[in-house]
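Descriptive structure summary
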Amino acid sequence: MQGQSLVEGDKLYLKCEASGSPSPSFHWYKDGLKLQRGRDLKIKTNKKNSKVQISRVRVEDSGNYTCVAENSLGQENATSLVSVHISHTFLTDVHDEECGASPGCDVAMRCAYTTQCSTHCLSAEAPRQPQLLRLG
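Here goes a summary of the coordinates provided. (Residues numbered from 1 in each chain as written. Predicted model: local features only at pLDDT ≥ 70, side-chain atom pairs only at ≥ 80, totals over all residues. Heavy atoms only, no water.)

As a further point, take the state of the cysteines. In total, this model carries 1 disulfide according to the counting rule given. Residue pairing for cysteine 16: its cysteine sulfur links by disulfide to cysteine 67, the two sulfurs lying 2.2 Å apart. On the sign convention where negative is left-handed, the bridge of cysteine 16 and cysteine 67, at about -80° about the S-S bond, is left-handed. With cysteine 16 in strand β2 (residues 12-17) and cysteine 67 in strand β7 (residues 63-71), this pair connects stretches of sequence that are 51 residues apart. Taking relative accessible area as the criterion, cysteine 16 reaches 7% and is therefore assigned buried. The buried category is assigned to cysteine 67, whose relative accessible area is 0%. (Disulfide = S-S within 2.5 Å. Helix = DSSP H or I, 4+ residues; strand = E, 2+ residues; numbered from the N terminus. Buried < 20%, exposed > 50% of the residue type's maximum accessible area, 1.4 Å probe, protein only.)

Attention now goes to the side chain of aspartate 61. If you trace the backbone, aspartate 61 turns up in the loop between β6 (49-54) and β7. Salt bridges are absent for the buried aspartate 61, whose nearest opposite-charge side chain, arginine 58, sits at 4.3 Å. (Lys, Arg positive; Asp, Glu negative; His and termini not counted. Salt bridge = Lys/Arg side-chain N within 4 Å of Asp/Glu carboxyl O.)

Dropping the structure here:
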């Protein structure tokens, strides 16, 4: 299983495959706690694989997802790091200092920029070329 980096609202899909005789059973864990099926979290399992799907991820879904496949002869596990980021739009006001007090000169721009921030993000910087939203 590979790590995944998602934006809030994306779909998470993890698949774990194992074979053996007797056929293995599968169990899923997030950060060491057993996953429970829910409205947004689906777990589908057959004799050869198990799949976890979260229809709309949230930041709190970030973590280490571990699949454990076991039978009477032993167990194997695989872990995938899932990072869920928030996509924010920040608004900043920019004023034209060179405009001064010239008649009819009232220049102010509101610019927006978007950044993705995970649970470990402390600050964000504006990109060099913000997108102009409106003049006013």
